[in-house]
Amino acid sequence: YPGVRVLAIYGGQSYTRQISRLKKGVDIVVGTPGRLLDLLRKEVLDLSNVSSVVLDEADEMLSMGFIEDIEAILDQTPDTRQTALFSATLPPRIRHLAERYMHNPQSFTIARKQLMLDTIEQRFYLINEADKLAALTRLFEVEPITSVLIFARTRLGTGELANELTGRG
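Residues numbered from 1 in each chain as written. Predicted model: local features only at pLDDT ≥ 70, side-chain atom pairs only at ≥ 80, totals over all residues. Heavy atoms only, no water.

## Let's talk about the overall build of the protein chain
Helix and strand counts for the protein chain come out as eight helices and four strands. Starting at the N terminus and ending at the C terminus, the protein chain contains elements arranged as β-α-β-α-β-α-α-β-α-α-α-α. Computed over the C-alpha atoms, the radius of gyration of the protein chain is 20 Å, more than 25% above the 15 Å expected from 2.2 N^0.38 for a compact globule of 169 residues. Taken along the three principal axes of its C-alpha coordinates, the protein chain extends 55 × 40 × 35 Å. Out of the 169 residues belonging to the protein chain, those deemed buried represent 24%. Pairs at least 24 residues apart make up 54% of the contacts formed inside the protein chain by residues separated by at least 6 positions. For the protein chain, the exposed surface amounts to about 13,100 Å²; the carbon and sulfur share of it is 53%. Where the 20 positive side-chain charges of the protein chain centre and where its 22 negative ones centre are 4 Å apart. (Helix = DSSP H or I, 4+ residues; strand = E, 2+ residues; numbered from the N terminus. Rg over C-alpha atoms; globule rule 2.2 N^0.38 Å. Buried < 20%, exposed > 50% of the residue type's maximum accessible area, 1.4 Å probe, protein only. Contact = heavy atoms within 4.5 Å. Areas by Shrake-Rupley, 256 points an atom, 1.4 Å probe, with all protein chains shown as cover. Lys, Arg positive; Asp, Glu negative; His and termini not counted. Charge placed at Lys NZ, Arg CZ, Asp CG, Glu CD.)

Here it is as C-alpha cells:
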C-alpha cells in the first residue's frame, strides 16, 4: 500500500540509521532476531502496540539456535496480537512455540504434489567453490534459461556473484 513505512533490521547495518528510522516511525519491521533484541535492549524498539507478528522459516530459526530469542521478542508483544508462523517442518519445539504464543492456531499443510509445478525444473550440481562462476556461466551459455533463482550463502557472496554474472552478460 502507498505510504506504508517498512524498515529492515539486521546485523551489518548501521545502528544509527535503524534507530533514526524507528524514531521517525514505521508501520512494518522486518528483522533478524539478534538485531531486534539488540534494539529492544537499547529501548529504541517498542513492540507493545504490535498487532501482527509473522515468524517465517521458524524451523530454520530453531536449527540456528534462535528459539529463545524469538520467545524473548514475542514476550514483548501484546497477547492480543495475531501471529502467523510459517515452517517447512513442525518439530516439537516449534509446536511448543505455537501452543505457547498462538491462540487457537490453525494448521495448513501443502501436499507434496503441490510443492513443485510442472513448469519448474530443479537441478543440483556439485562443484568446487572455485569453479562456481565458470559453471554458472557455462550453464547460461548452453541452456535455454529464461529465468533462474540462485541461492547464495551470504549477502556479500550474492552481490559478488550478481556483479560477475552481469559483467559476463
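After presenting the structure, the write-up continues.
## Describing the nonpolar core
Across soluble globular proteins, nonpolar side chains have a tendency to be buried as a group. Counting residues in each nonpolar core, the largest one holds 14 residues, and the members touching the most others are Leu 55, Ile 67, Ile 70, Leu 74, Leu 85, Ile 94 and Leu 97. At the level of secondary structure, the elements contributing two or more residues to this core comprise β3 (52-55), α3 (58-63), α4 (67-74) and α5 (92-101). Ranked by residues supplied to this core, first place goes to α5 with four residues. Core analysis: the next-biggest nonpolar cluster, separate from the first, contains eleven residues, Leu 37, Leu 39, Leu 47 and Ile 73 among them. (Core = buried A, V, L, I, M, F, W, Y, C linked by side-chain atoms within 4.5 Å.)

## Considerations on the side chain of Arg 81
Position of Arg 81 among the secondary structure elements: in the loop between α4 and β4 (82-85). Asp 79 provides the closest opposite charge to the buried, unpaired Arg 81, separated from it by 4.5 Å. From its side chain, Arg 81 meets the backbone oxygen of Pro 78 in a polar contact 2.8 Å long. Setting aside residues no more than four positions away along its own chain, Arg 81 makes contact with Val 50, Ser 51, Ser 52, Val 53, Leu 74 and Tyr 101. (Salt bridge = Lys/Arg side-chain N within 4 Å of Asp/Glu carboxyl O. Polar contact = N/O pair within 3.5 Å; in protein donor to acceptor, adjacent residues only side chain to side chain.)

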